[in-house]
Amino acid sequence: MTKIIKCPKELLKNDLYRKNILITGGYSGIGLFTSKQLISQNASVIIAGKNKKKGNKISKEIGSDFFELDLSNRDSIENFSNEFKKKYKKLDVLICNAALMAPPALGKSQSSVRTKEGREIQMATNYLGHVLLIHLLENIIKLTPNSRIINVSSCAADSMPSGGQKNQADIDLSDPYWNKRKYIPIDAYGQSKLAQILYSNELAKRLEGTDTKVVSIHPGWGSATNLDRYYPFILRKILIPIIGRFLGAITIEQASQIHLYCALSPDIENGKFYSQIGIYGNKNMQKGGLPMEFKSPNATLQKQSALWSWTMKELNL
């Protein structure tokens, strides 16, 4: 098995007093482990998420702050941003961690309905929602010394045949919401995750000369996360726990290491991609790296520029 990348132990002992760290989806899975670790280092952790009941319960248990946030809803994102800025005047680290992965075919479940704008739910939540959040908080982030933005992507931004994604991830700006194409949930997930990487690269360029760094990451596949909640019951509860290790699954603690490294390390480089080991279709990327070159035939500067222009227009930014 490929050697798992670990955050250096000394970084996990740093005193983070007066550091404000916002984590979307920080009340479950990798986000929760990351939240707990950062709180243990004296950071002020703010969790944002859609499940208000769960968010309040977990935050009370671990000593974080909680704000309700639905990343598929513009009003919710704007309300969150306003409330956050009323309470906090600085933001050291923003970890865009929350995500949906491969919900059932559009309209087949409550989780796979289109947004009120008609957007496919994964592109709306994983990508566009986080972009809007970043831009609404951009000024407070830039005013914070040595701040950073971490976009949590996936090896699905390439492809992951052993995880059920045979096709190379791509972004189709002529049909980003799968109105004309046959809807393939895992391919829609890959599109949203490739979009996060290309957006991060472009934002990093635009923030050069400021005190803010932007990176994208692949944390690895945590076998006990809630990200695979739309997989069939037998696969989730029986097959993955038994054979997950052979498919590339790692523990929640192991999958949190890239989150923590990029939040804590003084050595991260603006615009780079940081990856845990992964089940990439491109075998040359499976060992990960701090940082690692993300190689995809669809990760072009032309597509990056086109995505930025489309995104700004789509969100009226």
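Residues numbered from 1 in each chain as written. Predicted model: local features only at pLDDT ≥ 70, side-chain atom pairs only at ≥ 80, totals over all residues. Heavy atoms only, no water.

Some words on the pairing of strand S3 (residues 65-68)
Quick note on the threshold: Pairs of strands are assigned from DSSP output, requiring at least two bridges between the strands. Each helix is a run of DSSP H or I of at least 4 residues and each strand a run of E of at least 2, with the numbering of both proceeding from the N terminus.
Across 4 bridges, strand S2 (residues 44-49) lies against S3 in parallel orientation. Of the residues in S3, the one forming a bridge with glycine 49 is glutamate 68.

Regarding the side chain of histidine 218
Where we set the bar: Under the scheme applied here, a residue whose accessible area is under 20% of the maximum for its type counts as buried, over 50% as exposed, and between as partly exposed, the area being computed with a 1.4 Å probe on protein chains only. Working rule for contacts: check all heavy atoms of both residues, and any pair within 4.5 Å makes them a contact.
Relative to the helices and strands, histidine 218 resides in strand S6 (residues 212-218). Take histidine 218: its relative accessible area is 3%, and that puts it in the buried class. Residues contacting histidine 218, with those up to four places away along its chain left out, are Ser153, Ser154, Cys155, Ile258, Phe273, Tyr274, Ser275, Gln276, Ile277, Gly278 and Tyr280.

Focus: the sheet that holds strand S1 (residues 20-24)
Rule in force here: To define axes, lines are fitted to C-alpha atoms, for helices over the stretch in contact only, and angles between the resulting N-to-C directions are given on a 0 to 180 degree scale.
Read across the open sheet, the 8 strands follow the order S3-S2-S1-S4-S5-S6-S9-S10; overall the sheet is mixed. Taken across any chain shown, the strands that pair with only one partner, and hence form the sheet edges, are S3 and strand S10 (289-292). Here the strands of the sheet are splayed against their neighbours by 20° on average, with no regard to which way each runs. Summarising the sheet, strand S5 (residues 147-152) and S6 pair through 6 bridges and their orientation is parallel. Opposite arginine 148, over in S6, you have lysine 213 as the bridge partner. Running over the sheet, helix H3 (residues 74-87) touches S1, S2 and S3 and is turned about 150° from S3.

Quick word on helix H4 (residues 121-142)
Definition in use: For a helix, the expected span equals 1.5 Å multiplied by the number of residues minus one. By definition, a residue's bend is the angle between the axes fitted to the seven residues ending there and the seven starting there. Throughout this description, a polar contact denotes any pair of N or O atoms lying within 3.5 Å of each other; where both atoms belong to protein, one of them has to be capable of donating a hydrogen while the other can accept it, and for residues adjacent in sequence the pair is counted only when both atoms sit in side chains.
Compared with the 32 Å implied by 1.5 Å per residue over 22 residues, the 29 Å span of H4 between its first and last C-alpha is a close match. Of all the bends in H4, the largest measures some 45° and sits at leucine 136. Of all 22 residues that make up H4, 18 are buried, and the element is covered over most of its length. For H4, the N-terminal capping position is held by glutamate 120, with its side-chain oxygen 3.1 Å away from the main-chain nitrogen of glutamine 122.

Quick word on the nonpolar core
Filter applied, for reference: Think of a nonpolar core as a cluster: buried Ala, Val, Leu, Ile, Met, Phe, Trp, Tyr and Cys residues, connected wherever their side-chain atoms sit within 4.5 Å.
Among the nonpolar cores identified, the biggest contains 58 residues, and Leu22, Phe80, Phe84, Tyr127 and Leu137 are the most heavily contacted of them. Put simply, the parts of the chain that give this core at least two residues each are S2, H3, strand S4 (93-96), H4, helix H5 (185-206) and helix H9 (301-314). In terms of residue count, the dominant contributor to this core is H4 (10 residues). Contact partners of leucine 137, with chain neighbours within four places excluded, come to Leu22, Phe80, Ser81, Phe84, Lys85 and Leu91.

Digging into the confidence of the model for the chain
As a note on interpretation, predicted positions should not be read in detail where pLDDT is low. Quick note on the threshold: Along the chain, pLDDT gives the predictor's confidence residue by residue, from 0 to 100.
Of all residues in the chain, 89% attain a pLDDT of 70 or more, and the chain-wide mean is 91. Overall, residues 232-238 carries pLDDT values under 50, and its contacts beyond four positions in sequence, including any with other chains, amount to 10 contacts.

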